[in-house]
Amino acid sequence: MLGRISKFSRVDKNNPCPICGKDHWCRFATLEDINGKEIPVVICNRIQSEYEFMDNGGGYIHFIDNIPVTVKLQSVQERNTNKMASLKRRNLIYQKFLSYFTISDTTMQSFIHSRGFNKELIKYLEYKDYDRSHIFQISQELYDIYGDLTGIPGAYLKEKNNFKYWMFGGLDKSVLLPCRALNKDNIFEKGPIQAINYRIPGAEKNKYRYLSSADKQNGTSSGAPVHVSVPMVLKKKNIIGITEGIIKADYWANRTGMIVLSVMGVSTWRTAISVVKDIQSLISLEGVIVAFDADKKNNEYVRLYENNLINALKEIGIKTAEAYWNLSLGKGIDDLLKNGHSPKYKIV
Ligand SMILES: [Zn+2]
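This one's a predicted model, so the numbers in the text were calculated from it and none came from an experiment. (Residues numbered from 1 in each chain as written. Predicted model: local features only at pLDDT ≥ 70, side-chain atom pairs only at ≥ 80, totals over all residues. Heavy atoms only, no water.)

So, the environment of Gly-116: which residues are in play, and what are the values?
If you trace the backbone, Gly-116 turns up in the loop between α3 (105-115) and α4 (119-125). Using a relative accessible area of 34% as the deciding quantity, one classes Gly-116 as partly exposed. Put simply, Gly-116 and Asp-334 are 218 residues apart on the chain and 8.7 Å apart in space, counted from C-alpha to C-alpha. Ignoring any residue separated from it by four or fewer positions in sequence, one finds Gly-116 in contact with Phe-111, Tyr-251 and Lys-338. (Helix = DSSP H or I, 4+ residues; strand = E, 2+ residues; numbered from the N terminus. Buried < 20%, exposed > 50% of the residue type's maximum accessible area, 1.4 Å probe, protein only. Contact = heavy atoms within 4.5 Å.)

Go over the packing of helix α2 (residues 87-99) against helix α5 (residues 135-146), please, and point to the residues and values.
Close contact between α2 and α5 brings their axes to 11 Å; oriented N to C, the two are set at 140°. Relative to α5, the element α2 is oriented oblique. For the crossing formed where α2 meets α5, the hand is right-handed. Contacts between α2 and α5 involve Arg-89, Leu-92, Ile-93, Lys-96 and Phe-97 from the former and Ile-135, Leu-142, Ile-145 and Tyr-146 from the latter. Here the residues of the contact of α2 with α5 sort into seven nonpolar, no polar and two charged. (Axes fitted to C-alpha atoms, helices over the stretch in contact; angles between N-to-C directions. Parallel < 35°, antiparallel > 145°, perpendicular 65-115°, else oblique. Left-handed = near helix turned anticlockwise from the far one by under 90°. Nonpolar A, V, L, I, M, F, W, Y, C, P; charged D, E, K, R; others polar.)

Lay out the pattern of salt bridges in plain terms, naming residues and giving numbers.
Within the structure shown, the criterion is met by seven salt bridges. Taking the shortest distance from any N to any O, the salt bridge between Glu-126 and Arg-180 comes out at 2.7 Å. Of this pair, Glu-126 sits in the loop between α4 and β6 (128-130) while Arg-180 sits in strand β9 (residues 174-180), and the two are 54 residues apart along the sequence. Take Glu-126 and Arg-180: they sit in the same class, and that class is buried. If you follow the salt bridges from partner to partner, you end up with Glu-126, Arg-180 and Lys-190 in one network. (Salt bridge = Lys/Arg side-chain N within 4 Å of Asp/Glu carboxyl O.)

Which residues make up the pairing of strand β2 (residues 27-32), and what values go with them?
Burial of β2 is extensive: five of the six residues sit out of reach of the surface. In this sheet, β2 lies alongside strand β1 (residues 4-10) in antiparallel orientation, the contact comprising five bridges. Each residue of the ladder has a partner; that of Arg-4, found in β2, is Glu-32. Here β2 runs beside strand β3 (residues 38-44); their pairing, made up of six bridges, is antiparallel. The partner of Thr-30 across the bridge, within β3, is Pro-40. (Pairing = 2+ DSSP bridges.)

Tell me what's going on with α3, and back it up with residues and numbers.
Residues of α3 that are buried include every one of Thr-107, Met-108, Phe-111 and Arg-115, and no others. For α3, the arc enclosing every buried residue in end-on projection is 105°, short of the 170-degree limit, so these residues lie on one face. Exposed side chains of α3 directed beyond 90 degrees from the buried face belong to Asp-105, Thr-106 and His-113. Trailing α3 by a residue or two, Gly-116 shows a phi angle of about 80°, which is positive. (Arc of directions from axis to C-beta.)

How would you explain the side chain of Asp-129 if you had to name every residue and give the values?
Its place among the elements puts Asp-129 in strand β6. Although Asp-129 lies buried, it forms no salt bridge, and the closest oppositely charged side chain, Arg-199, sits 6.8 Å away as judged by the N-O distance. There is a polar contact of 2.6 Å between the side chain of Asp-129 and the backbone nitrogen of Ser-104. Excluding its chain neighbours within four sequence positions, the residues that come into contact with Asp-129 are Phe-101, Thr-102, Ile-103, Ser-104, Thr-107, Ser-174 and Val-175. (Lys, Arg positive; Asp, Glu negative; His and termini not counted. Polar contact = N/O pair within 3.5 Å; in protein donor to acceptor, adjacent residues only side chain to side chain.)

Residues and numbers for the environment of Phe-97, please.
Within the element layout of this structure, Phe-97 appears in helix α2. It is 7.5 Å that separates the C-alpha atoms of Phe-97 and Leu-142, two residues lying 45 residues apart in sequence. Excluding residues that lie within four positions of it along the chain, Phe-97 makes contacts with Tyr-130, Ile-135, Leu-142, Phe-168, Leu-176, Ile-196 and Leu-211.

Explain the sheet that holds strand β16 (residues 319-324) to me, and be specific about the residues and the numbers.
Pairing in this open sheet of six strands is mixed, and the strands run β12-β14-β13-β15-β16-β17 from one edge to the other. Only two strands of the sheet have a single neighbouring strand rather than two, namely β12 (227-229) and β17 (344-347). Neighbour-to-neighbour, the strand axes of the sheet open up by a mean angle of 25°, direction not taken into account. For β16 and β17, the ladder comprises four bridges, and the chain directions are antiparallel. Note on β17: the bridge partner recorded for Ala-323 is Tyr-345. Running over the sheet, helix α6 (residues 246-256) touches β12, β13 (236-244), β14 (258-263) and β15 (287-290) and is turned about 170° from β14.

None of this, on its own, says anything about what the molecule does.
Below, the structure is given as structure tokens:
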């Protein structure tokens with residue numbers, strides 16, 4: 001006899017089912033054992049287990065203890081969210097939102113000196129310092145121009161002394177990084193802004209978040225969309241890269257002159273596949289280069305996810321190469337290139 005099962009949430013594109021890999025039908029849930037301890041489980045409707053789940057949805061209970069803890073926590077959380085606004089509307093409002101901010105000399109210099117960017121590139125990428133000292137006025141102005149901001153991740157209604165007003169969340173003194181979608185009108189041009197990513201100031205690990213307002217009044221979850229980085233000068237039109245993190249993708253894309261996709265984390269590799277398929281339908285794509293951080297190569301889950309990504313690319317008929325290098329030459333592909341080295345390639 002299993003304990004009580006509660007806190008259901010559906011799998012989706014950003015959090016697909018860890019058992020069957022599909023992005024619909026299956027559910028995440030929490031199983032409470034007799035001592036009240038909560039155990040994350042997946043109720044998969046496609047792959048059988050010894051425990052059949054008897055409710056209207058049905059399915060089979062799987063324990064996901066072999067999945068890394070970070071994935072468990074993200075997946076099992078139940079989030080309240082509104083439906084996201086159209087890409088066109090998000091782009092319109094985020095463009096205006098970003099126009100209120102500038103980038104300070106200090107931030108500019110740190111991107112130039114420690115990351116190898118140049119001024120022109122930072123301007124092109126539209127990185128901004130998030131100075132929230134006027135965020136109340138900015139939020140009201142956005143509401144005056146665009147109306148109801150429900151559906152814009154980051155925006156939510158705040159209530160104080162019976163007075164309701166729109167606000168944008170996020171952290172003061174962070175750096176705002178536009179997360180762009182594929183430009184379906186012209187794939188070789190910078191695409192519309194679908195979400196805003198930001199760097200958490202002072203944090204060592206897990207440094208990036210999306211501007212999101214799930215669980216807030218009239219709030220909307222950002223999900224974890226794939227960023228499509230189109231370089232200022234495009235040199236290679238038939239090869240694309242895949243890595244983890246927006247800054248890394250932007251640097252790699254502009255150093256090599258090819259389009260680079262970035263996923264939020266290696267565990268969310270599945271989100272990249274649908275974007276690769278879209279690209280495949282628009283141009284003759286010859287191959288994909290996958291480059292994850294060198295310090296993670298010994299982590300068995302990272303290896304597993306990377307192999308899953310490579311296999312999924314093969315399945316849709318894409319030639320794939322894995323970029324690798326010695327950790328002493330740099331952690332990420334951006335560090336490696338900035339330090340004046342090149343990766344080696346293994347055709348997989
Ligand atoms: Zn499933």
